[in-house]
Each structure stands twice: as structure tokens, then as C-alpha cells.
There are 2 protein chains.
Amino acid sequence: MILEHAVLHIKPEEADTFEKTFQKAQTIISAMKGYIRHSVSKCMEEDYKYLLLVEWETIEDHEIGFRKSPEYQEWKALLHHFYDPFPIVQHYQPVLI
Amino acid sequence: MILEHAVLHIKPEEADTFEKTFQKAQTIISAMKGYIRHSVSKCMEEDYKYLLLVEWETIEDHEIGFRKSPEYQEWKALLHHFYDPFPIVQHYQPVLI
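First, a word on what this report is: a plain description of the structure on this page. Note on numbering: residues in each chain are counted from 1, in written sequence order. Throughout, the order in which chains and ligands are written sets their labels, letters from A for the former and numbers from 1 for the latter. Local features in a predicted model are, by the rule used here, given only for residues with pLDDT of at least 70; side-chain atom pairs are given and counted only at 80 or more, and totals for whole chains, interfaces and linings are based on all residues.

This part is about the pairing of strand 3 (residues 49-56) of chain A. Residues and elements named next belong to chain A. As paired strands, strand 1 (residues 2-9) and strand 3 are joined by 8 bridges and run antiparallel to one another. Counterpart to His9 in the pairing with strand 3 is Lys49. Strand pairing is defined by DSSP finding a minimum of two bridges between the two strands. Runs of E in the DSSP output that reach at least two residues are strands. Runs of H or I that reach at least four are helices, and both are numbered from the N terminus. In terms of strand pairing, strand 2 (residues 35-43) meets strand 3 through 7 bridges, oriented antiparallel. Counted as the bridge partner of Val40 is Leu52 from strand 3.

Written out as C-alpha cells, the structure reads:
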């Protein structure tokens with residue numbers, strides 16, 4: 001398992017619709033090969049800041065299987081306009097339990 | 001449940017002992033009131049970078065129960081010298097499943 005990690009900064013004027021749109025968008029990612037689970041959480045210290053965590057079986061499931069898919073274009077159209085700046089997405093590998 | 005989130009930048013010269021020391025330190029946090037679970041993961045794109053996630057029942061369990069405890073002094077002594085810069089710790093509340 002690897003963990004996709006992105007801190008999302010949402011444009012204040014679009015914050016109201018972000019959570020609703022994400023609820024729709026998450027059905028896209030949840031259906032992809034190698035998807036395990038995801039969570040979206042809201043920062044308690046800073047407004048308009050969210051944390052997206054997605055567990056994938058392999059990094060290729062995310063970077064190739066998802067990002068090169070037609071479904072990614074739909075995901076992008078639904079979500080990318082909410083972000084400012086565009087998030088830095090990185091991957092983490094569990095090392096300690 | 002709330003999620004404590006910290007990206008940890010480890011001093012390169014101390015990287016070898018960080019994971020081993022964390023394995024010892026995690027027994028401290030795991031025994032605290034309100035602790036649910038934690039994970040430590042290693043960044044795949046950047047050296048010496050880790051992600052610490054801790055689930056707590058409430059933010060007070062972390063900020064008061066843990067941080068004001070004698071156990072925190074032990075945690076601090078074991079781990080804080082590994083970090084450069086000192087991490088920004090924030091809390092996130094799940095909003096979407």
C-alpha cells in the first residue's frame with residue numbers, strides 16, 4: 001500500500017460547493033483499479049484548507065492507471081478549478097506500525 | 001475522531017536512527033488517553049521526509065492530555081532533535097467518506 005497525500009487550498013469563494021462536488025468526484029476515484037480507500041478532512045486551524053489521503057495498492061495505480069485514464073479528465077474538470085494554488089501531490093510508504 | 005498531521009523533515013545525518021527511535025517513542029503515544037491509532041510513512045519523492053498521522057478522539061486529547069503530560073517530555077527528548085525545521089502540526093476533521 002502507498003499513500004497519496006495532498007493538502008488542498010480551496011478558493012474562498014468556491015468553498016461552499018467544494019465538499020458537495022467532491023462527494024460526486026469520489027465515486028470516480030473509488031472505482032479505479034488499485035484504489036483501496038480515501039479520506040478528506042478539513043483543517044481545524046486554517047480556513048479553506050483540506051487534506052486528501054488516498055490509499056493505492058501501488059504508485060503506478062495512481063500515476064499511470066488513474067492519471068492517464070479518461071476518468072482523470074472528469075475528475076480534473078470537477079475539482080481542479082477549486083484549488084489555489086494547485087496542490088503538491090506526493091506519495092508515502094508506510095514504515096512503522 | 002480528529003487527525004493530527006505533521007510532515008517531518010529529518011536531519012540527514014540522523015536519518016538512520018530516526019525510524020528506530022520512533023519505534024520506541026510510539027509506545028508512549030499509543031498509551032495516551034484518547035489515542036486511536038497512528039502511522040508513519042516515508043516520502044517516495046523526497047529524502048528525509050516523513051508523514052506522521054495520529055488519530056485522536058478529540059483535539060484536547062492531543063493538545064492538553066498529551067502535550068501537557070510528563071510523557072510528552074519523554075517523547076520530546078526522544079524525537080525533537082531529529083527535526084529540521086521543527087514541524088508544523090495541524091489537526092483535521094473528517095468531512096467526507
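Let us look at the relation of the copies chain A and chain B. Copies overlap after least-squares fitting; the atoms used are the C-alpha atoms of residues with pLDDT of at least 70 in both. Rotating chain A by 180 degrees about the axis while translating it 0.0 Å along that axis superimposes it on chain B, leaving an RMSD of 0.0 Å. Seen this way, the second copy is the image of the first under a two-fold rotation axis.

In many analyses, interface size is given as the accessible surface area lost on bringing the parts together. In this assembly, 23 residues from chain A lie in contact with 23 residues from chain B. Ranked by residue count, the leading element in the side of chain A that touches chain B is strand 4 (residues 89-96) of chain A, at 7 residues. The residue inventory of the side of chain A that touches chain B, partitioned by class, reads 12 nonpolar, 8 polar and 3 charged. One ladder, built from 4 bridges, connects strand 4 of chain A with strand 2 (residues 35-43) of chain B; its direction is antiparallel. Paired with A:Pro94 across the strands is B:Ser41, a residue of strand 2 of chain B. Here, residue contact means that the backbone-derived C-beta atoms of the two residues sit within 7 Å. Classification used: nonpolar for Ala, Val, Leu, Ile, Met, Phe, Trp, Tyr, Cys and Pro, charged for Asp, Glu, Lys and Arg, polar for all others including Gly.

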